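Take a look at the letters that make up each chain.
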Amino acid sequence: MIKILVTGGTGYIGSHTVVELQEEGMEVVIIDNLSNSEREVLSGISSITGKEPHFEEMDLRDEKATFGVFERHPDIDAIIHFAAFKAVGESVEKALEYYENNLFSLIHLMKAMRKYRVDHMVFSSSCTVYGEPDVLPVTEDAPIKKANSPYGNTKQICEEILQDSLASMQGKGVISLRYFNPIGAHESALIGELPVGVPNNLVPFITQTAAGLRECLSVYGDDYNTSDGSAVRDYINVVDLAKAHVASIRRLLNQEQKSQFEVFNLGTGKGLSVFEVIKAFERSTGQSLNYKVVGRREGDIEKMYADTSYANSELGWKAEKGIDETLRSAWKWEQKIRAQKSE
Ligand code: NAD
Ligand code: WQD
């Protein structure tokens, strides 16, 4: 049986990916230190799939502990590396912690790949590496722009570490997936996103406002050069995103990659404005949302959406779920968490 090590596997995107891997008959070992997720996610995963993943509660900043996992599981075929700190604003306040966590975790895993002869890795990258793109939709060969946060910079440096270290590692292959804006939850509402504190991201803020936890959504700017003045992003359903990881693993295991280091954009290919997302939320859930327009958020870009044709043709993958279905899943998940908290 194919065995995949998933770091950050109790996190938001990781947990949805574990489900898809298990549904494809693969065995999963999770590493997570639970710094931004909860152990209960494991029950959510096994309620959906009927299978318990192996769980290693440990910190990837600890090289020895990381190697220990490979000693206990000598038959790992590939790694999917999600574990990282990911909050853009926080990364400005805690730059050293972000560099330490995101870079050392990757370095320790790469050393483990070399030592324990694991040949394949899928890495979680981000569309943030493109900065404000000059051409839309964004293709994989769009230039990398200077990062405007330590977080964004960790993704750029990680991609460089991967390329540089692969140069001396024959027979190994890495796929870096640049996610656009992942949103939504598993349709079962057994797993989803668990934001800590006040959410920075649009969709969790919308669902928490609709649930009465926040008074009002602030729309950051209506004076952008877009059809309705609000900023445009490419919102991709997290289950669609998870499926792209399975496709990437298959590509690596079947040795179909064209070079040692490959990059794919993961989005829907369609840009939506903030106002369009609000309207879609109201339409698909029947909730009316309290919102007001405020000034632009510092560092925000105007428009960003992916050219997904390379991922579509090479991975044989395409985002399938529409925005209404996706926002309904986010709302169902929010209601589920609220019900649990009030128990
Ligand atoms: P998440 O915080 O929900 O999941 C990350 C998981 O990694 C958490 O469970 C956390 O506890 C764990 N972790 C962090 N540091 C660790 C360490 N040193 N050792 C072990 N475990 C550790 O985040 P997510 O949204 O699922 O994101 C997953 C990946 O995708 C990250 O690399 C993130 O940068 C990237 N990404 C996310 C988005 C997004 O909008 N969510 C967009 C682009 C890229
Ligand atoms: C989306 C749109 C906001 C909140 C971030 C990271 C990026 C990547 C994905 C990891 C923007 C607007 C938001 C609110 C609003 N993550 N908005 N009111 O900024 O595209 O990207 O997540 O790699 O690196 O920067 O996502 O969800 O924060 O914002 O009007 O309360 O919603 O201005 O236009 P963003 P987001």
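Keep in mind the model is a prediction, meaning the values are calculated, not measured. Per chain, the residues get numbers from 1 upward, laid out in the order the sequence is written. Lettering for chains starts from A, numbering for ligands starts from 1, and both go in the order in which the items are written. The predicted nature of this model means local features are confined to residues of pLDDT at least 70 and side-chain atom pairs, given and counted, to a pLDDT of 80 or more, with totals for whole chains, interfaces and linings taken over all residues. Only heavy atoms go into the side-chain values, all of them from the structure, while hydrogens and water stay out.

Draft legend 1. Inspection of the site of ligand 2 at higher detail. It suffices for a single heavy atom of a residue to lie within 4 Å of a molecule or strand for the residue to be listed as near it. Taken together, 18 residues sit near ligand 2, with Ser126, Tyr151, Ser218, Arg233 and Asp300 positioned nearest. Take Asn201: an N or O atom from its side chain is 3.2 Å from an oxygen atom of ligand 2. Within 3.5 Å is the distance limit for a polar contact, defined as a pair of N or O atoms, with the added protein rule that one can donate a hydrogen and the other accept it, and that residues adjacent in sequence qualify only through two side-chain atoms. One nitrogen or oxygen atom from the main chain of Leu202 is found 2.8 Å from an oxygen atom belonging to ligand 2. Working definition: helices are DSSP H or I runs of at least four residues, strands are E runs of at least two. Numbering for both runs from the N terminus. Top element by residues in the shell around ligand 2 is strand S8 (residues 217-220). It accounts for four residues.

Draft legend 2. Molecular detail of the nonpolar core. In plain words, nonpolar cores are sets of buried Ala, Val, Leu, Ile, Met, Phe, Trp, Tyr and Cys residues tied together by side-chain atoms within 4.5 Å. A simple rule labels every residue: compare its accessible area, found with a 1.4 Å probe on the protein chains alone, to the largest value its type can have, and call it buried under 20%, exposed over 50%, or partly exposed in between. Among the nonpolar cores identified, the biggest contains 37 residues, and Ile4, Leu21, Leu266 and Trp317 are the most heavily contacted of them. By residue number, the principal contributor to this core is helix H8 (residues 238-253), which donates eight residues. Contact definition: two residues touch when any of their heavy atoms are within 4.5 Å. When neighbours within four sequence positions are excluded, Ile4 is seen to be in contact with Leu21, Met26, Glu27, Val28, Val29, Ala78, Ile80 and Ile249. Within the second largest apolar cluster, 29 residues are counted, among which are Leu109, Cys158, Leu162 and Met169.

Draft legend 3. Region of the structure containing the sheet that holds strand S5 (residues 120-126). Spatially, S3-S2-S1-S4-S5-S6-S11 is the arrangement adopted by the seven strands of the open sheet, whose pairing is parallel. Both edges of this open sheet fall to strand S3 (54-57) and strand S11 (261-266), since each of them pairs with a single strand only. Sheet twist, expressed as the mean angle between neighbouring strand axes with direction ignored, is 20 degrees. Against the sheet, helix H6 (residues 150-166) engages S5, strand S6 (173-179) and S11, with an angle of about 155 degrees to S5. Only strands that DSSP links by at least two bridges are regarded as paired with each other. To obtain each axis, a line is fitted to C-alpha atoms, and for helices this fit is confined to the stretch in contact; angles are then taken between N-to-C directions over 0 to 180 degrees.

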